[in-house]
Amino acid sequence: MAATPSAAQVLGRVILVTGKEEFLSERTVASVRTAVRGYDAEAEIAESAASDLTLASLGEMAAPSLFSSTRCVIVRGLESLPDETYDGILAYCAATAEDVALVLVHGGGQKGSGLLAKLRKLPSVTEVKSEEVKASHLSNFVTSEVAIHGARITPDASAFLITAVGGDLRSLAAAAHQLTNDFPDEQLTVEKVQRYFGGRAEAKSFAVADAAFGGRKAQALEELRWALDGGTASVLITSAMAGSARGLARFIGASNGMREADLARELGVPPWKVKQVRDQSRAWTPDGISAALRAVAKSDADIKGQAHDAAYTLERLVLTVADLRTGR
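Residues numbered from 1 in each chain as written. Predicted model: local features only at pLDDT ≥ 70, side-chain atom pairs only at ≥ 80, totals over all residues. Heavy atoms only, no water.

Asks: Please clarify how helix 12 (residues 234-254) should be interpreted in this entry.
Replies: Side chains three or four residues apart in an α-helix point the same way, a direct result of the helix having 3.6 residues per turn. Taking 1.5 Å as the rise per residue, helix 12 with 21 residues should run 30 Å; its terminal C-alpha atoms sit 31 Å apart, in good agreement. Among the residues making up helix 12, those that are buried are Ser234, Ile237, Thr238, Ala240, Met241, Ala242, Ser244, Ala245, Gly247, Leu248, Phe251 and Ala254. (Helix = DSSP H or I, 4+ residues; strand = E, 2+ residues; numbered from the N terminus. Expected span 1.5 Å × (residues − 1). Buried < 20%, exposed > 50% of the residue type's maximum accessible area, 1.4 Å probe, protein only.)

Asks: Sorry, what's going on with the pattern of salt bridges here?
Replies: A side chain of one charge can pair with a side chain of the opposite charge if their charged atoms are brought near each other. The final tally for this structure, using the stated rule, is eleven salt bridges. In this structure, Asp279 and Arg282 form a salt bridge, with 2.7 Å as the shortest nitrogen-oxygen distance. The residue Lys298 makes a salt bridge to Asp302 at a minimum N-O spacing of 3.2 Å. Residue Lys298 and its partner Asp302 are both found in helix 15 (residues 286-304); the two are separated by four residues, about one turn of the helix. When salt bridges with common partners are traced through the structure, they connect Glu26, Arg33, Glu47 and Arg76 into a single cluster. (Salt bridge = Lys/Arg side-chain N within 4 Å of Asp/Glu carboxyl O.)

Asks: Can you walk me through helix 3 (residues 55-62) in this structure?
Replies: Within helix 3, burial applies to Ser57, Leu58, Met61 and Ala62. End-on view of helix 3: buried residues confined to an arc of 130°, all on one side of the axis. At its buried positions, helix 3 is contacted by strand 2 (44-49), strand 3 (71-76), helix 4 (86-94) and strand 4 (100-106). (Arc of directions from axis to C-beta. Contact = heavy atoms within 4.5 Å.)

Asks: Explain the packing of aromatic side chains to me, please; I cannot follow it from the model alone.
Replies: We describe a pair of aromatic rings using the distance from one ring centre to the other and the angle between the two ring planes. Summed over the entire model, instances satisfying the criterion amount to two aromatic pairs. Ring centres of Phe23 and Phe141 lie 6.5 Å apart, and the angle between their planes is 80°; on these two criteria the pair is classed as edge-to-face. With a gap of 118 residues between them, Phe23 in helix 2 (residues 22-39) and Phe141 in helix 6 (residues 138-148) connect regions that are remote in the sequence. Across the pair, exposure class does not vary: Phe23 and Phe141 are buried alike. Aromatic pair Phe213 and Trp284: ring centres 5.3 Å apart, planes at 40°, arrangement tilted. Of this pair, Phe213 sits in helix 10 (residues 201-213) while Trp284 sits in the loop between helix 14 (271-281) and helix 15; the two residues are 71 residues apart in sequence, bridging distant segments of the chain. By relative accessible area, which is 0% here, Phe213 ends up buried. Overall, the relative accessible area of 5% leaves Trp284 in the buried class. (Phe/Tyr/Trp six-rings, centres within 6.5 Å; stacked < 30°, edge-to-face > 60°.)

Right under this line is the structure:
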């Protein structure tokens, strides 16, 4: 289904929304609602939890009112539909009313799979899948979100945004909307994204780790001071350092003969990150990575044990890690 469906695509039809990604499911529901209201501003919207649905209540929601015959009926949690309502809802879906858009939302999983199989066979049913977005596909999601607003974003800017905001789709979509509104008709670059999201603790922590494992001592120390001055918790920095070390270890163990997309899945990172890990790995040996992990673990333990000077502990860690690279 198109991002913004037409009324003809939803009225007289059943939109079956399936999958665990709640944000994408809700976006589909909203798009159907918008399409119906765009066709008839007086159209009524009715919602119900599937667990409360009966044939009588479904009939009431789908019945025309005094104001409009056009309706949008939304049933959420289809996996919890009572068994005694199965046959009735299948019969309704097989003979839909032409002025009604029926949206059935299934949250994923095996519960209710028998009903889904029967619904999928009906010609009146259009299924829209809301599959979870893997970490390796987040960059594609950001690019798509920015494109929805008529803009473009560079790969490194997309990467920085994901690091700063995290993998929550709702947050990434909101960030993309904010950036495209504030920089209309401009390509989004790292510099533009940093103006808004460079202060996030996660972004600061990963900046420290990337510089340290890249052997850039001066930059790593500068990023560290900036992070600590900005209130970033010390444990977030040791966590980012540990994550970088583990990523390098997995890359070295799995890189032989694997395609970049497969490597991204193996490492649990977006595709853009693979190149960065590959570049870093050229100066690391398995022994060096093991030593780095031990240094991170010791620093983390020192900090959690209330070390007198966490900043000194982290500075020592950054320098130690940078010195463990074979290519320094």
